[in-house]
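Summary of structural features
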Amino acid sequence: MQRYWIPELKPGIHFVGSRDWDRRMFDALVPLPEGTSYNAYLVVGSEAVALVDTVNPGFEPELLDKVHQILGDRPLDYIVMNHAEPDHAGGIPAVRKRYPDAQVLATRRGADMAGLYFGVPEDARQVVSDGDNLNLGDKTLRFIEAPMLHWPETMFTYVEEDRVLLTCDFFGSHTAAGLFSDEDDDLIPRMQRYFGEIMMPYRRMGARALGKINDLDIDIIGPSHGPVHREIEPVLSRYQSWTRGDMANKVLIAYVSMWGSTRAMAHQMAQSLGDLGVEVRLYDILTTDTAEIARDLVDAKAIVLGAPTVLAGMHPVGVNAANLVRALRPPASYAAVLSSHGWSGGAMKQVEEVLGATDLEMVGYLDIQGPATAEVLAQVDELAEKIAERLSG
Ligand code: FEO
């Protein structure tokens, strides 16, 4: 059996998760340029032992070896399932096979999912509710229901004596590297990217969850992706800001172009807004990691979508971007559209249908035939001024 280096976050709280350096995609949607990790925590009390979350399928042997390295012949008594998605709960069947007497603890919804997804029989499931405690001897686990982060069954687990809060996806980031976030220079952009792609649609539930942990004394936050947080305040304050929907004086411009007309308008928009003192992020959707767009949607006040007409409708790449905006529900207040066509329009109608289902106020749009002439670029400047006025207002 391979011998692992297993960090001990506090006496008796061991980091037994896995690093997935090779994974490049999550949910067939989110690019993972730096891989990710599946953090699991073994809490060893004087009377009983609990494993909080497991690992993605495929990493069970590593998890079981680590648990055995800590416990030897001592049994595992509990598996706490903070979240049922398989990247954290997919290891439950293997853990139960090794430790068949271990009880699986989860919220009501979570317990049902443990049965449905992982075949945990009813007599091995234990439902916990908000504020319930589990006594492990010299350690006590307290459960905090935190639903819809980003599934309905989610909860946090707090180790009272050690002031360690284990939050699964919440406060996470996708990287296989590092152990502590205070050693990570890219922490905030990486966390913002993760928040944008996973938590932003549920930010009101996130704010509610933050309210529940407001009075907790916390030394360590252990999420189930990315590094562990020992410095709590910077992480909490960012999450408070993002869940509130605080926005910067910032415009996200995302475009796709076939023959350069939409591109020219998008670049003119970026130039013009920049000249007006507005922070701008400009992306060619075709070559952009969509999670970068999600990251900037977290605090952009306006969104400009650029896409031409093709086959009598909006270019499919542009439709995808519009759908992403609708699905991620960013806090942005304003939108504008830049479009172009060769001989027949159609993109505008489609984008209005998609963005019409959001709370975005349409500041204006331009749909031109053919090249982006000087006259067109002047119209872009006018639209940029309107956007800047809305932002400052
Ligand atoms: Fe990391 Fe929602 O699973």
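The shown structure was predicted, so the numbers you read here are calculated from the model rather than taken from an experiment.

Re the overall build of the protein chain
Check the secondary structure of the protein chain and you find twelve helices and 23 strands. Dimensions of the protein chain along its principal axes, counting C-alpha atoms only, are 80 × 40 × 35 Å. With 393 residues in all, the protein chain has 58% of them scored as buried. Counted over contacts in the protein chain with a minimum sequence separation of 6, partners at least 24 positions apart contribute 73%. A total accessible area of about 16,300 Å² is found for the protein chain, and carbon and sulfur atoms account for 48% of it. Positive and negative side-chain charges of the protein chain, numbering 35 and 56 respectively, have mean locations separated by a distance of 2 Å.

Thoughts on helix α5 (residues 187-199)
Buried residues dominate α5, accounting for twelve of its 13 residues. For α5, the complete set of buried residues consists of L187, I188, R190, M191, Q192, R193, Y194, F195, G196, E197, I198 and M199. The inward-facing, buried residues of α5 abut β5 (30-31), α6 (203-213), α7 (232-244), α9 (290-297) and α10 (316-328).

Some points on the packing of aromatic side chains
Applying the stated criterion to the full structure yields eleven aromatic pairs. With centroids separated by 4.5 Å and ring planes inclined at 40°, the aromatic side chains of F171 and Y239 adopt a geometry described as tilted. You can see F171 sitting in the loop between β15 (164-168) and α5 and its partner Y239 sitting in helix α7, a full 68 residues away along the chain. Neither residue differs from the other here; F171 and Y239 are each classed as buried. Joined through ring pairs, the aromatic side chains of F156, F170, F171, F195, Y239 and W242 make up one cluster. Cation over ring: K66 sits above Y4, and NZ or CZ is 5.2 Å from the ring centre. The ring of F180 has R230 lying over it, and the distance from NZ or CZ to the ring centre is 3.7 Å.

Some words on the pairing of strand β18 (residues 279-284)
Note: strand β17 (residues 250-255) against β18, six bridges, orientation parallel. Of the residues in β18, the one forming a bridge with L252 is R281. Crossover β17 to β18 through helix α8 (residues 261-275) is right-handed.

Remarks on the sheet that holds strand β19 (residues 302-306)
Read from one edge of the open sheet, five strands run β18-β17-β19-β22-β23, paired in parallel fashion. Each edge of the open sheet is held by one strand with a lone partner, namely β18 and β23 (361-369). Each strand of the sheet is rotated relative to its neighbour by a mean of 10°, with strand direction disregarded. Across eight bridges, the pairing between strand β22 (residues 334-341) and β23 is parallel. Pairing of S339 across the sheet is with D367, part of β23. Together, β19, β22 and β23 form the strand contacts of helix α11 (residues 347-355), whose direction differs from that of β22 by roughly 160°.

Quick notes on the pairing of strand β16 (residues 220-223)
Alternating residues of β16 divide into I220 and G222 and I221 and P223, and every residue in both groups is buried. Here four bridges tie β15 to β16, and the two strands are oriented parallel to one another. What sits directly across from V164, in β16, is I220.

Some points on the pattern of salt bridges
Two side chains carrying opposite charge are able to pair once their charged atoms lie near each other. Applying the stated rule across the entire model yields 22 salt bridges. K10 serves as the salt-bridge partner of D219, at 2.7 Å between the closest nitrogen and oxygen. Within this pair, whereas D219 is found in the loop between α6 and β16, its partner K10 is found in strand β1 (residues 8-10), the two being separated by 209 residues in sequence. A relative accessible area of 26% means that D219 is categorised as partly exposed. Linking R142 and E160 is a salt bridge whose minimum nitrogen-to-oxygen distance equals 2.8 Å. With R142 in strand β13 (residues 140-145) and E160 in the loop between β14 (155-159) and β15, the pair connects residues that are 18 residues apart, well separated along the chain.

Reading guide: rules and limits
Residues numbered from 1 in each chain as written. Predicted model: local features only at pLDDT ≥ 70, side-chain atom pairs only at ≥ 80, totals over all residues. Heavy atoms only, no water. Helix = DSSP H or I, 4+ residues; strand = E, 2+ residues; numbered from the N terminus. Buried < 20%, exposed > 50% of the residue type's maximum accessible area, 1.4 Å probe, protein only. Contact = heavy atoms within 4.5 Å. Areas by Shrake-Rupley, 256 points an atom, 1.4 Å probe, with all protein chains shown as cover. Lys, Arg positive; Asp, Glu negative; His and termini not counted. Charge placed at Lys NZ, Arg CZ, Asp CG, Glu CD. Phe/Tyr/Trp six-rings, centres within 6.5 Å; stacked < 30°, edge-to-face > 60°. Lys NZ or Arg CZ within 6 Å of the ring centre and 35° of its normal. Pairing = 2+ DSSP bridges. Right-handed = clockwise from strand over helix to strand, strands pointing away. Axes fitted to C-alpha atoms, helices over the stretch in contact; angles between N-to-C directions. Salt bridge = Lys/Arg side-chain N within 4 Å of Asp/Glu carboxyl O.

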